[in-house]
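Chain by chain, the residues:
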Amino acid sequence: MMGFALTASAQSLIIQESIVVDYRSVVARIEASDTATARSRLQGVVTRLSIDEGDQVKAGEVVAVVVDSTLEPQLAALRSRADGLKSQIRQAEEDLARNEKLLANGFYPKARLDEQRTALDVSRRTLAAAEAERRALVARQGEGSIRAPADSRVTSVEVVNGAIVSPGEVLARFATLTDIVRLSLPERHASEISEGGTVALRLPARDGSVRTATIIKIYPELRNGALIADATVQGGLDGLVGERVDVLVSVGERRAIRVPDKYVSTRFGVDFVRVKVGDRFVEAPVAIAGPSQGGEIEILSGLRIGDVIEPRETTT
């Protein structure tokens, strides 16, 4: 609600009171709404590292490659073994087909043919086992491709190219920053935050603009003496994990007189407003609460409800 009313001249204003909400700034920190780590599943060497801190990555994107040098020789041995078994099976199948014809004509012993069939079945099962083992090793080799767990931002990279890593070792850490922001607030302000309530957020290190956020969840456990809450931010919040954010908490309402800053002039450290007295305007000294906020200045004294004012005179 504006603390003035326009007259027909569209320049003069009639002073009115307005309701002003006072806020107190609470220093909080931005936390990631979700965090994840990329870990090695192999004992090996990092042969490729395609990320750096601060990079944005997509879910499933390959961020690193770990190579276990012991897997390739095992795969080569299994390939050779499988090739040899396939040759043996082809020869055994040809021999079996020929001997079955001989048996039908009475020129080959049945017991010997049964032994060949049994040997062929054993060779086929051995080949199947070797191929299954090879597929398992290929799948294990594929585990060396480390992928991003979600659309996120890289917060830290724990290794370098050429590093030797062990299974379970962390290669990188990720955090998601979306329209949902996680806030860490001092415990003493817990009573001022409620689910469904709104707060104003301001990043002092950036443009200082104020964003409205709605608290959607308050976590029941304090972390290092801080209250953790999730909030949705209108228009998003482009901040860094751990960055300071001012949470503007309402501490009450009061009546005040506020006028657009173009109606206040300052000379020699004294502030003036042009007030209508009779049929003319005179400059009256006023006390103001501070600098302009949102294009308006709060008047502490020097004006009364119903006074008519006009913009300050401009010089050319």
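About the cut-offs
- Residues numbered from 1 in each chain as written.
- Predicted model: local features only at pLDDT ≥ 70, side-chain atom pairs only at ≥ 80, totals over all residues.
- Heavy atoms only, no water.
- Helix = DSSP H or I, 4+ residues; strand = E, 2+ residues; numbered from the N terminus.
- Buried < 20%, exposed > 50% of the residue type's maximum accessible area, 1.4 Å probe, protein only.
- Areas by Shrake-Rupley, 256 points an atom, 1.4 Å probe, with all protein chains shown as cover.
- UniProt positions renumbered as here; feature names shortened; annotations may be inferred.
- Salt bridge = Lys/Arg side-chain N within 4 Å of Asp/Glu carboxyl O.
- Pairing = 2+ DSSP bridges.
- Phe/Tyr/Trp six-rings, centres within 6.5 Å; stacked < 30°, edge-to-face > 60°.
- Lys NZ or Arg CZ within 6 Å of the ring centre and 35° of its normal.
- Patch = residues over 30% accessible without salt bridge, like charges linked within 9 Å, V, L, I, M, F, W, Y side chains within 5 Å.
- Lys, Arg positive; Asp, Glu negative; His and termini not counted.
- Charge placed at Lys NZ, Arg CZ, Asp CG, Glu CD.
- Polar contact = N/O pair within 3.5 Å; in protein donor to acceptor, adjacent residues only side chain to side chain.
- Contact = heavy atoms within 4.5 Å.
- Axes fitted to C-alpha atoms, helices over the stretch in contact; angles between N-to-C directions.
- Parallel < 35°, antiparallel > 145°, perpendicular 65-115°, else oblique.
- Left-handed = near helix turned anticlockwise from the far one by under 90°.
- Nonpolar A, V, L, I, M, F, W, Y, C, P; charged D, E, K, R; others polar.

Let's shift gears to the overall build of the protein chain. Along its length, the protein chain carries two helices and 21 strands. Across its three principal axes, the protein chain shows a C-alpha extent of roughly 140 × 50 × 40 Å. Scored against the burial criterion, the 316 residues of the protein chain give a buried share of 35%. When the accessible surface of the protein chain is summed, it comes to about 18,300 Å², and 50% of that surface belongs to carbon and sulfur atoms.

Moving on, we get to the UniProt feature "coiled-coil region" (unreviewed entry) in the protein chain. On the UniProt side, "coiled-coil region" (unreviewed entry) is annotated at positions that read residues 75-133 here. In the segment residues 75-133, helix accounts for 92% and strand for 0%; the C-alpha atoms at its two ends are 9 Å apart.

It is worth spelling out the UniProt feature "domain: Multidrug resistance protein MdtA-like barrel-sandwich hybrid" (unreviewed entry) in the protein chain at this point. Annotation from UniProt places "domain: Multidrug resistance protein MdtA-like barrel-sandwich hybrid" (unreviewed entry) at residues 35-169. Along residues 35-169 the backbone is 50% helical and 22% strand, and the end-to-end C-alpha distance reaches 16 Å.

Where charged atoms from two side chains of opposite charge approach closely, those side chains can pair. Scanning the entire structure with this criterion turns up 16 salt bridges. Salt-bridge contacts for Arg-117 lead to Glu-100; the nearest nitrogen and oxygen are separated by 3.1 Å. With Arg-117 in helix H2 (residues 110-142) and Glu-100 in helix H1 (residues 71-104), this residue pair connects regions lying 17 residues apart in the sequence. Close ionic contact of Arg-254 with Glu-298 constitutes a salt bridge, the shortest N to O distance being 2.6 Å. Of this pair, Arg-254 sits in strand E16 (residues 244-260) while Glu-298 sits in strand E20 (residues 296-301), placing them 44 residues apart in sequence.

Let us now look at the pairing of strand E11 (residues 170-176). E11 sits mainly inside the fold: six of its seven residues count as buried. Judged from the four bridges that link them, strand E9 (residues 152-157) and E11 form a sheet pairing that is antiparallel. Bridge pairing links Val-157 to Ala-172 in E11.

What follows concerns the packing of aromatic side chains. Scanning the model with the defined rule gives zero aromatic pairs in all. Positioned above the aromatic ring of Tyr-219 is the side chain of Arg-223, whose terminal nitrogen or guanidinium carbon lies 5.3 Å from the ring centre. The residue whose ring lies beneath Arg-267 is Phe-272, and the NZ or CZ to ring-centre distance is 4.6 Å.

Now for the environment of Pro-291. Residue placement: Pro-291 occurs in the loop between strand E19 (280-288) and E20. Classification of Pro-291 by relative accessible area gives exposed; the value is 68%. Taking the C-alpha atoms as reference, Pro-291 lies 19 Å from Ile-15; in sequence the two are 276 residues apart.

Right, let's talk about the sheet that holds E9 for a bit. Here we have four strands laid out as an open sheet, ordered E4-E11-E9-E6, and antiparallel in their pairing. The sheet terminates laterally at strand E4 (34-39) and strand E6 (56-57), the two strands that pair on one side only. Of the strand pairs in this sheet, E4 and E11 are connected by six bridges, and their pairing is antiparallel. By the bridge assignment, Ala-38 is partnered in E11 with Ala-172.

Turning next to a negative patch on the surface. Where like charges cluster on the molecular surface, the negative patch consists of Asp-52, Glu-53, Asp-55 and Glu-61. Mapped onto the fold, Asp-55 is located in the loop between strand E5 (44-49) and E6.

On the secondary structure map, Asp-307 appears in the loop between E20 and strand E21 (308-310). Buried and without a salt bridge, Asp-307 has Arg-304 as its closest oppositely charged side chain, separated by 4.2 Å. Of note is the side chain of Asp-307, whose polar atom sits 2.9 Å from the backbone nitrogen of Arg-304. For Asp-307, the residues in contact, after removing those within four places along its chain, are Leu-13, Ile-14, Ile-15 and Val-275.

In this section: the packing of H1 against H2. The contact between H1 and H2 brings their axes to 9 Å, and the two run at 160°. When the interaxial angle is binned, H1 and H2 end up roughly antiparallel. The crossing of H1 and H2 is left-handed. Among the residues forming the contact of H1 with H2, the class breakdown is 15 nonpolar, six polar and 14 charged.

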